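Structural overview for review
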Amino acid sequence: MEKKLDFKVTKDDNEIASTSRNKPILLEKRKSQLSIEYRTLSIKLEESRTGTLEDKEKDPNIKKELEIDFHKLSLHELGLRFNTDTSSGLTSTIATQRLQRNGKNLISPPDSKIFKKIFGYIFGGFCPLLWFASLICFLAWEPLGNPPDKTNMGLAILILIVIFLQAVFNGYQDWSSFAVMKSINSMLPSTTTFIRDGKTQTVPLYSLIIGDLIVLKLGTKVPADVRIIHQVDLKFDKSVLTGENKPVSASVDMTDDIYLESRNIGLMGTLITNGEALGIVVATGDRTVMGKIAKLSSNTQHESSILQKEITKFVIIITCLAIITSSLTLIIWASWLRSSYPNFINLSGALINAIGVLVAYVPEGLPIAVTLTLTLVARKMAKQKVLVKNLTVVETLGCVNVIASDKTGTLTQNRMFVDKVHIGNESYDQEKSLQAKNSESLGFCQLVSVGRLCNAASFDPKTADLSIDERIILGDGTDSAVLRFVTKYAIDDSEVDRYIKIAEIPFNSKNKWMLRVMKPKDNINLYNTNRHIVLVKGAPDVLLGNCTRILEPDGTERPLDDRARQSLTDKLSEWCGTGTRVILLCRRIITNESEIPSDTSDLEALGQLSYNLTVIGLMGILDPPRPEILEVIRTCRGAGIRVFMVTGDYSLTAASIAKLVGIFTDSDNIIHTITDLDQLSDKLEIVEHKTSTILESPKKVTSLLLTGSDVATLSDKQWDIVITYDEIVFARTTPEQKLRIVQEFQNRDSIVGVTGDGVNDAPALKAANIGIAMGGGSEVAIEAADMVLLDNNFSSIVVALESGRLVFDNLKKVILYLLPAGSWSELIPVLVNVFLGVPSPLSTFLMICICVLTDMLPSIALMYEKAEKDVLTRPPRNPKKSTLVDWKLLVHAYLFLGMIEAFFSHVMYFHYMQLYGGFSASDLLFAYDKWTDGYKNYTQDQLNEFMYTGQCVLFVSLVVMQSCGNVFATRTRYLSLFQHLPIKQRSKNYYIFAAQVGSILLACFVIYTPGINESLNTRPIPVEFWFFPLVFAVTIVIVDEIRKFFVRRRSPSFFYKLAW
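Computed from a predicted model, the values in this text were never measured in an experiment. Along each chain, numbering runs from 1 in the same order as the chain's sequence is written. Local features in this predicted model are restricted to residues of pLDDT 70 or higher, and side-chain atom pairs are both shown and tallied only at a pLDDT of 80 or more, whereas totals for entire chains, interfaces and linings draw on every residue. As a rule here, side-chain values cover all heavy atoms of the structure and leave hydrogens and water aside.

**Details of the overall build of the protein**
The following threshold applies: Helix and strand assignments follow DSSP, with helices taken as H or I runs no shorter than four residues and strands as E runs no shorter than two, numbered in order from the N terminus. Accessibility here uses a 1.4 Å probe with only protein chains present; expressed as a share of the type maximum, an area under 20% marks a residue as buried, one over 50% as exposed, and anything in between as partly exposed. Pairs of residues are marked as contacts when any of their non-hydrogen atoms sit within 4.5 Å. Note that accessible areas follow from Shrake-Rupley with a 1.4 Å probe, and for residues the cover is restricted to the protein chains shown.
The secondary structure content of the protein amounts to 38 helices and 28 strands. Buried positions account for 56% of the 1060 residues belonging to the protein. Considering only residue pairs separated by 6 or more positions, the protein has 74% of its internal contacts joining residues 24 or more positions apart. Summed over its atoms, the accessible surface of the protein is roughly 45,100 Å², and 57% of this surface lies on carbon and sulfur atoms.

Structure, rendered in structure tokens:
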């Protein structure tokens, strides 16, 4: 045994410890993000370590991490490597030189990137075009204006206001936390204790350097990455990195090939919860694991969501069209109009016309409308207990075609209970277990004892006065179920007090078992011995091969022969076939005390005790499926979404649960395995990553059951086969394998949603197209996810999926509503002015008013539209084939609705000019530079007044046709308006009527406000011109109803093929 180190915990250290235990809750989010990066890095290192050399060379950073060998060095080699003495530490001279060379032991604060973000807000999307437009307007005012036109200045300012509004909404939508590591240094202690020149000193943390010999004490935090060289019962709380609160025992020797996982390395920021130690500093500041992860977290680039990519594509298309058309107008002016009609448009006017084209093409209200509508949907989902953390992923839900779900707590209720046990050749249900307790059956009593002693769960002391079934248990579901059972059927509650815990190997997802070494205080116990007892509890398929004997119900032992082994295997298969999770309980009495390792923290040495075990019995644990899950799976399948199970359970148990919840549906119970994949590999044809299986069987097998070990061996060709199955269960999987499953499906064009609630699920949740965490899950999982089911109810996914699909439909409607008047019908007046010489039918100011004022309220109202038909009866959207803005939508917006609105609005403009000014169409067409003082005996001011009023007439016509015609035509894609009336309960949307009123009032504000009339040349219009456009609005609805009629009939096919 090691001697106790000769140093004490000082008052200052205790104060540091107290401070470190009372951190603000705000830091928890930072810790969660660290945990995600740590888990992901650990998985990458493990995969690279077991992969080929070529794979390692592909990622030099991973290769560099794998080359770290501080944990593998002997103490002598360690001293030589760092030129330090393992008893007296560094000399002051060397320490000073290293501090100057390597810098202080501090993690560099991350770049806030605030200027980059602001730049993105004000120059993203359509903003570059608007900036350019504003600049040109300022130039057109001065110095190019002769004389300066104040309306040009007002227009420039107005465009700047639009840019500001878009920037505000972009900033609101940007949820990214750029300060992930802003408070990292506050997680660390401010001082530390080290030994230099043989003297123990307490110094500021930043003065630590590589090679320092430091003192680690209970309650303090590790100030740098440290190699442990001497320790007494030292334990770390690594939750800041791993997310797991369970203390980890330290070791002097290497316990894992990977630096991050070896227990002889203390990582910066982790808390010492027990014991004391000496260590050599091997990394400081940014070179520590926490420093590297901090940098990784702050530099992580979030991949754009599907919606963001599609909007970016739309922006590029519109920008190109705008630039081409505006350039064309300038070229025509310079090459033709300037010489042919020198008094028609001067340079300032030509620039304003070009800007008018840009403004006409750009739907300025689109970014605002999209952000507002996504926010509304997110709030609506929140009322359904679905929290959306990233607005833009809402639409991604409509594309999801694969959901990889864990089992416990998601598909099942996470209310585990022991349903039956099996000892020897006898099975015990609840009634028989009570009889065994009363008869004090020795075999049953030992089973209960092992279940109690080899258990990481514990009752909450606050509920000690409640019954066993009502008491709260701290621990995982399996241990909790076992603890409740053994407490209920224990003969003597004091049995647990008769033993001392010597060592433990906690359960983990790789070993799939838990081990404890107990030392009886005397030989008065169920095992009639005072020797060390090894107790093991875990997966039967893993442990059964380590067993050599079996216990009978009467307490006698006999060899575990083939017959007995087969009997246990049959019982295991029988129980698993009913969806029962089965665990095996074993023991071993140590006859040779030298087998107990002197270093009880050496898990590898302890693991050698898990052989030559005696089978005590089996426990069957049930976790009932959620009552709603069968219908949820059926709904998902009807929506074209495949739901796969990814679980750590035994394969037969997983398959049985899959049948109960509806994942496996084959009535003949034909389920393929890895063997069938090998046979199908030869029948697979691969053509440009598209797969087709050539099966001669008259019935296609849709179900596939794979284990984690299968996943590790699958080739690309086999993965191509795997994705063709409709029903898949992955059993006995590790977190690394779950991550690989997600990536393999994504590589084959699947849009994957992942559900999870544990720390180990974080990498897969983050890698998925959309990660879905349970509200009752770990904080790390919630942080990694894009969406959280607050009520832990899998059925909430149906609500989310429906919202995701509906938001796509409604976003198309919003865009279709905005484009006709907010883009095309604004472009036509500019072209009519330039090419046909008509006095400007619409000012640039009024164009912007349509985009950001009058069209905004109806577009938001459209987001409240209910589905025309059940959106969950159609397949998921393929983002490569069905995009938010495609050629069909543009044709419908520009050449159908846009042309109708442009035509009728110009009719109203010409009608007003003729009715009030006496100008015939021929007088206006090709007027060019004739529209000047004296034309038709009018002064220039009178001509301008006619033009300004005519512009407002055209503006009002567009507003009325949009708010009273297009909004009803766009409400449905296929159904008739009369089948989907906004006043019917099934399709109710009263917001439409409020939006219509609001849109008209805004138009009145623009044309009837004296200040705006004077500064931006708007004018009141005759009252009859408010009513004429209503006829045209009805015409739009009627024409679109005719189109939808032919679309529903699919005859002639021309209409259906063009349907948006």
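**Some details on the nonpolar core**
Cut-off, in case you're wondering: Only buried residues count toward a nonpolar core, which is a set of Ala, Val, Leu, Ile, Met, Phe, Trp, Tyr and Cys residues joined through side-chain atoms within 4.5 Å. The source of the domain bounds is an automatic or database domain assignment.
If you look at the biggest cluster of nonpolar residues, it comprises 167 residues, and the most contacted ones within it are Ile-159, Ile-663, Met-787 and Phe-955. With 20 residues, the single largest contributor to this core is helix H29 (residues 796–836). The two domains that each donate at least three residues to this core are domain 2 (384–412 + 626–683 + 699–800) and domain 4 (823–865 + 884–1058). For Phe-955, the contacting residues outside a window of four places in its chain are Leu-842, Leu-846, Cys-849, Ile-850, Thr-854, Ala-1003, Val-1006 and Ile-1007. The next biggest cluster of nonpolar side chains, apart from the first, holds 34 residues, and it includes Val-450, Cys-454, Leu-483 and Met-514.

**Comments concerning helix H16 (residues 442–453)**
Let me state the cut-off plainly: Multiply 1.5 Å by the residue count of a helix minus one, and that product is the helix's expected span.
Helix length check: H16, at 12 residues, gives a terminal C-alpha distance of 16 Å against a target of 16 Å (1.5 Å per residue), a fit within 8%. The element H16 is largely enclosed, with a buried count of 10 among its 12 residues. Looking at H16, one finds that the buried residues are Gly-443, Phe-444, Cys-445, Gln-446, Leu-447, Val-448, Ser-449, Val-450, Gly-451 and Leu-453.

**What about the sheet that holds strand S26 (residues 752–756)?**
Definition in use: Only when DSSP finds a minimum of two bridges between them are two strands counted as paired. Note on definitions: angles span 0 to 180 degrees between N-to-C directions of axes, and those axes are lines fitted to C-alpha atoms, for helices only across the stretch in contact.
In space, the eight strands of this open sheet follow the order S8-S28-S27-S26-S9-S21-S25-S24, with mixed pairing throughout. The strands lining the two open edges of the sheet, one partner per strand, are strand S8 (386–388) and strand S24 (703–707). Direction aside, the axes of adjacent strands within the sheet are offset by 20° on average. Pairing of strand S27 (residues 770–774) with strand S28 (residues 787–789) involves three bridges; the strand directions are parallel. Paired with Ile-772 across the bridge in S28 is Met-787. Contacting S8 and S28, helix H14 (residues 366–383) runs over the sheet at an angle of about 150° to S8. In the packing of helix H26 (residues 735–747) onto the sheet, contacts are made with strand S9 (402–405), strand S21 (642–646), strand S25 (727–731) and S26, and the angle to S26 comes to roughly 165°.

**Structural notes on the packing of aromatic side chains**
Rule in force here: Ring geometry is summarised as follows: Phe, Tyr and Trp rings, the Trp one being its six-membered ring, pair when their centres sit within 6.5 Å, and such pairs are stacked at plane angles under 30 degrees, edge-to-face over 60 and tilted between the two.
Tallied over the entire structure, the rule returns 31 aromatic pairs. Geometrically, the ring pair formed by Phe-919 and Trp-931 is tilted, given 5.1 Å between the ring centres and 50° between the ring planes. Linking Phe-919 in the loop between helix H32 (887–917) and helix H33 (921–924) with Trp-931 in the loop between H33 and helix H34 (940–969), this pair joins segments that are 12 residues apart in sequence. Both residues of the pair, Phe-919 and Trp-931, count as buried. When the centroid spacing of 5.6 Å and the interplanar angle of 90° are considered together, the rings of Phe-1025 and Phe-1028 count as edge-to-face. With relative accessibility at 0%, the residue Phe-1025 sits in the buried group.

**Remarks on the confidence of the model for the protein**
Here is the rule we go by: pLDDT: the predictor's confidence for each residue, scored from 0 to 100.
Confidence in the prediction for the protein averages 83 pLDDT; 87% of positions are at 70 or higher. With pLDDT under 50 throughout, residues 175–189 is counted as low confidence; its partners more than four residues away or in other chains account for 38 contacts. Taken as a whole, residues 685–699 scores under 50 in pLDDT and shows 20 contacts with residues more than four places along the chain or in a different chain.

**Description of the environment of Glu-727**
As for its placement among the helices and strands, Glu-727 is situated in strand S25. Here Glu-727 falls in the buried class, since its relative accessible area comes to 3%. The sequence separation of Glu-727 and Asp-666 amounts to 61 residues, and the corresponding C-alpha distance is 9.3 Å. Excluding its chain neighbours within four sequence positions, the residues that come into contact with Glu-727 are Arg-637, Phe-644, Ile-663, Phe-664, Thr-665, Asp-666, Thr-702, Ser-703 and Leu-704.

**Here we look at helix H22 (residues 651–661)**
In an α-helix, one turn spans 3.6 residues; hence positions three or four apart end up facing the same way. Summarising burial for H22: eight of the 11 residues are buried, a large majority. Along H22, the residues that are buried comprise Ser-651, Thr-653, Ala-654, Ala-655, Ser-656, Ile-657, Ala-658 and Val-661. Packed against the buried residues of H22 are helix H19 (562–576), strand S19 (581–589), helix H21 (629–638), S21, S24 and S25. Two residues or fewer after H22 comes Gly-662, characterised by a positive phi angle close to 95°.

**Some details on the pairing of strand S4 (residues 225–237)**
With 10 bridges joining them, S4 and strand S7 (residues 271–283) adopt antiparallel strand pairing. Across the sheet, His-230 pairs through a bridge with Leu-278, a residue of S7. Two elements, S4 and strand S6 (residues 265–266), share two bridges in a ladder whose sense is antiparallel. The residue of S6 that forms the bridge with Val-226 is Gly-266. The pairing of S4 with strand S5 (residues 248–249) spans two bridges and is antiparallel. Pairing of Phe-236 across the sheet is with Val-248, part of S5.

**Let's talk about the packing of H16 against helix H17 (residues 477–489)**
The angle between the axes and the distance between the axes are what describe a pair of packed helices. Note the threshold: For classification, angles of less than 35 degrees are called roughly parallel, those exceeding 145 degrees roughly antiparallel, those between 65 and 115 degrees roughly perpendicular, and all remaining angles oblique. A clockwise turn of the near helix away from the far one marks a right-handed crossing, whereas an anticlockwise turn of less than a right angle marks a left-handed crossing. Put simply, Ala, Val, Leu, Ile, Met, Phe, Trp, Tyr, Cys and Pro go in the nonpolar bin, Asp, Glu, Lys and Arg in the charged bin, and everything else, Gly too, in the polar bin.
One can describe the packing of H16 onto H17 by two numbers: an axis separation of 9 Å at closest approach and a directional angle of 135°. One way to sum up the angle between H16 and H17 is to call them oblique. Remark: the crossing between H16 and H17 carries left-handed chirality. Contacts between H16 and H17 involve Phe-444, Val-448, Gly-451 and Arg-452 from the first element and Val-482, Leu-483, Phe-485, Val-486 and Tyr-489 from the second. Its residues assigned to classes, the contact of H16 with H17 shows seven nonpolar, one polar and one charged.

**Here's the deal with unusual backbone geometry**
A negative phi angle is the norm for most residues apart from glycine, just as the trans form is the norm for most peptide bonds. The step from Glu-142 to Pro-143 runs through a cis peptide bond, and the omega angle for that step is 10°. In this fold, Pro-143 is placed in the loop between helix H8 (127–141) and helix H9 (150–173). Positive phi, close to 60°, is recorded for Asn-1017, a residue that is not glycine. Along the chain, Asn-1017 turns up in the loop between helix H36 (1010–1016) and helix H37 (1028–1049). For Asn-1017, a relative accessible area of 14% translates into the label buried.

**Notes on the packing of helix H15 (residues 430–438) against H17**
Closest axis-to-axis distance for the H15/H17 pair is 10 Å, and the angle between their directions is 45°. One finds that H15 runs oblique with respect to H17. Counting all contacts with H15, which are made through Gln-430, Ser-433, Leu-434 and Lys-437, the residues of H17 involved are Phe-485, Lys-488 and Tyr-489. Counted by class, the contact of H15 with H17 contains three nonpolar, two polar and two charged residues.

**Details of the environment of Gly-424**
Of note, Gly-424 is situated in the loop between strand S10 (417–423) and strand S11 (426–428). By relative accessible area, Gly-424 is classed as buried at 4%. Between the alpha carbons of Gly-424 and Glu-552 there is a distance of 4.7 Å; along the sequence they are 128 residues apart. When sequence neighbours within four positions are dropped, the list of residues in contact with Gly-424 reads Ile-550, Leu-551, Glu-552 and Pro-553.

**Details of the pattern of salt bridges**
Our working definition: Any Lys or Arg side-chain nitrogen found within 4 Å of a carboxyl oxygen on Asp or Glu counts as a salt bridge.
Within the structure shown, the criterion is met by 33 salt bridges. Here Arg-877 ties to Glu-395 by a salt bridge, and the two come within 2.5 Å at their closest N and O atoms. Highlighted residues: Arg-877 in the loop between helix H31 (856–862) and H32 and Glu-395 in the loop between S8 and S9, separated in sequence by 482 residues. Across the pair, exposure class does not vary: Arg-877 and Glu-395 are buried alike. Across the pair Asp-469 and Lys-488 runs a salt bridge, and its minimum N-O distance is 3.2 Å. Of the two residues, Asp-469 is situated in the loop between strand S12 (458–459) and strand S13 (473–474) and Lys-488 in helix H17; the sequence distance between them amounts to 19 residues. The class for Asp-469 is exposed, based on a relative accessible area of 53%. Three or more residues are tied together by salt bridges with common partners; here these are Asp-716, Asp-720, Arg-740, Glu-744 and Arg-748.

**Remarks on the pairing of S24**
With five of five residues buried, S24 lies mostly within the body of the structure. Sheet analysis places S24 next to S25, joined by five bridges and oriented parallel. Across the sheet, Leu-706 pairs through a bridge with Phe-730, a residue of S25.

**Some words on the side chain of Thr-614**
Note on placement: Thr-614 falls in strand S20 (residues 613–622). On the basis of relative accessible area, Thr-614 is assigned to the buried category, the value being 5%. Thr-614 has contacts with Arg-549, Ile-550, Leu-551, Glu-557, Leu-585, Cys-586 and Arg-587, leaving out every residue within four places of it along the chain.

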